[in-house]
Amino acid sequence: MKKIVLVLLTGLIIGCSNANKTDKELLENDKKALVANLDSYKVSAYKFGKILIRASAEKDSISPEFQSYKADLDRIFNKAVKYDIHNPESLSMLDYISIYRDYKNMEDFIMKTDEDIFPTLIDAFNTNYADSISKQSAYLTGNEKMRVQNIEHAILSAIVILSKNLGKEVALYECSKTHPDLLQDSETKTLLQYFRGFLFFEKELYYLSEDEISRNIDWLNNNKGVDLPFTRTMFQWGNLNNEQTHIGFHALNHLFRGFDRLMMERTIDEKRALDDFEMFLKDVNAIGLNNEIVWAIETYLYVKNEEGEKAITALTKLKTSHLLSSGDKESINESIIYLQNRTPEKAHNHFYDKYFLSKIATKYMFSLLSEIDWKKVVEAQNVSHTEEIFKTIDNLKVFIEHLENFSSTESLEKTGNEIKNKGQSLWNKALDLAE
């Protein structure tokens, strides 16, 4: 009982503390939380794989420390990534033990090194997979290098977030490496900014997300004539013209900023959230969008305003969504019963709260991302070696999954038991890793 009271008091203190902080202070807290989120083995192993690829194309020494590891990085790249792009399972247990030992020796270097000091992934693939005639002699530099690696990070963040082996931690890392504010005004810039905002929201970094999306809303307001063909494709708005697509995308930015603010703790944040939701509905009604996100926000506002009949209509539509589980739909039925009995507050508390709202929005975004053929997206940008790029990403997932088996003493002991009968030398190498 004492522990429960302590937890409740701690939560109350934190809540009160945040309630008295400014927007700037809360944003700085999220920036620190982002750094902490990136300090994980999965991110470290993934970054190791990325540096293996990008450093393989590096011709200069960069630093004495890098030069001391260059031979090892190239050796591991040739064995683990390039060795046989169509046969990722051919590495032996001994190979992985050896690679893991090398990784541990250079782990500090990997974690403190910015991968963007190396050539882009495109340059690396051109170097490693192009024939001698088509290999380019000069790598991308300056603004063009920055533009390309921003796109690389953004596409990878979208691809890996749907991956079982890599997922949200790695997506957040890739997202943190994008810098849309350094790009020229374009559709690429606004999509990068929106996707960063979405990923920050998904990782509960609400103040970072709000800041990102607020800047994107300002940009959209000042660039109403920007061409948005990929946005139209991404959100499946083939029936909308460019002006309508701009309005729809503007709506989605207000939608997720509203979610950010709804999840915050200050009274002013909830008021701001309601303003965002009102703008969202104004935009979508102007272009005739009608889906689960619209019905969800309508229900929330109708319940808030105690407009029971309208809320029931919106909930009835929402119940048809394929994004909802059978449990969600049962809860909707219960909420409809509460509203029919004129108890909107009970309906709101019982089911229709901010967590349910955010769940629907997140599922909606994931469903859109999962339907995008990212390979075609890359090919449409006239990127060379697209086939090798995507096959290498698949190989990297396998590589990291196997490497992760050596990330804890428990895993090492399990691995040791599996290989114990394969030779005393191999067994001793596995045990050495646990020391």
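Relevant structure appears above.
Draft legend 1. Structural detail: helix α17 (residues 326-340). Compared with the 21 Å implied by 1.5 Å per residue over 15 residues, the 21 Å span of α17 between its first and last C-alpha is a close match. The complete set of buried residues in α17 reads D328, I332, S335, I336 and L339. Summarising the axial view, the buried residues of α17 lie within an arc of 105°, below the 170-degree limit, and thus occupy one face. The exposed set on the far side of α17, more than 90 degrees from its buried face, consists of S326 and Q340. Phi for R342, located one or two positions after α17, is positive at around 60°.

Draft legend 2. Local environment of the pattern of salt bridges. For the structure on display, the rule yields 33 salt bridges. Here R257 ties to D276 by a salt bridge, and the two come within 3.0 Å at their closest N and O atoms. With R257 in helix α13 (residues 242-262) and D276 in helix α14 (residues 267-287), the pair connects residues that are 19 residues apart, well separated along the chain. An identical accessibility class is assigned to R257 and D276; each is buried. With a closest N to O distance of 3.3 Å, K310 and E307 form a salt bridge. Residue classification places K310 among the partly exposed residues on the basis of a relative accessible area of 45%. Given a relative accessible area of 28%, E307 falls into the partly exposed group. Here the residues in one salt-bridge network are K50, R54, D114, E115, D116, E174 and K177, joined through shared partners.

Draft legend 3. Focus on empty space enclosed by the protein. A complete count under the given rule lists two cavities of 30 Å³ or more for this structure. What lines the largest cavity is Y46, K50, I53, L121, F125, L156, L166, I389, T392, I393 and L396. Among the elements of the structure, α3 (41-55), α7 (121-129) and α21 (386-404) are those that each provide at least two residues to the lining of the largest cavity. Its volume calculated, the second largest cavity comes out at about 40 Å³. If you list the elements that add at least two residues to the lining of the second largest cavity, you get α14 and α15 (292-304). A class-by-class count of the residues in the lining of the second largest cavity yields eight nonpolar, one polar and no charged.

Draft legend 4. Quick look at the layout of surface pockets. What the largest pocket holds in volume is close to 400 Å³. If you trace the largest pocket, you find 17 residues lining it, with I155, T188, L191, F230 and W374 closest to the centre. Secondary structure elements with two or more residues in the lining of the largest pocket: α8 (142-160), α10 (187-202), α12 (229-234) and α20 (374-380). Reported here for the second largest pocket is a volume of approximately 340 Å³. Lining the second largest pocket are 18 residues, with I122, I151, E152, V378 and V383 sitting closest to its centre. For the lining of the second largest pocket, the elements supplying multiple residues, two or more each, are α7, α8 and α21.

Draft legend 5. Structural context of the packing of α15 against helix α16 (residues 308-318). Taken N-terminus to C-terminus, the directions of α15 and α16 make an angle of 155°; their axes are 8 Å apart at the nearest point. In terms of orientation, α15 lies roughly antiparallel with respect to α16. Where α15 crosses over α16, the two elements pack in a sense that is left-handed. Across the interface between the two elements, E292, W295, A296, E298, T299, Y302 and V303 from α15 touch K310, A311, A314, L315, K317 and L318 from α16. Of the residues in the contact of α15 with α16, the class split is eight nonpolar, one polar and four charged.

Draft legend 6. Inspection of the environment of L192 at higher detail. Positionally, L192 belongs in helix α10. The class for L192 is buried, based on a relative accessible area of 5%. Residues L192 and I151, 41 residues apart in the sequence, show an inter-C-alpha distance of 8.1 Å. Excluding residues within four positions of it along the chain, L192 makes contact with N150, A154, T178, P180 and L183.

Reading the values: the criteria
Residues numbered from 1 in each chain as written. Predicted model: local features only at pLDDT ≥ 70, side-chain atom pairs only at ≥ 80, totals over all residues. Heavy atoms only, no water. Helix = DSSP H or I, 4+ residues; strand = E, 2+ residues; numbered from the N terminus. Expected span 1.5 Å × (residues − 1). Buried < 20%, exposed > 50% of the residue type's maximum accessible area, 1.4 Å probe, protein only. Arc of directions from axis to C-beta. Salt bridge = Lys/Arg side-chain N within 4 Å of Asp/Glu carboxyl O. 1 Å grid on protein atoms, 1.4 Å probe; cavity = no way out; pocket = protein on both sides within 12 Å on 5 of 7 lines; lining within 4 Å. Points joined across faces, edges and corners; volume = space filled by probe spheres on them. Nonpolar A, V, L, I, M, F, W, Y, C, P; charged D, E, K, R; others polar. Axes fitted to C-alpha atoms, helices over the stretch in contact; angles between N-to-C directions. Parallel < 35°, antiparallel > 145°, perpendicular 65-115°, else oblique. Left-handed = near helix turned anticlockwise from the far one by under 90°. Contact = heavy atoms within 4.5 Å.

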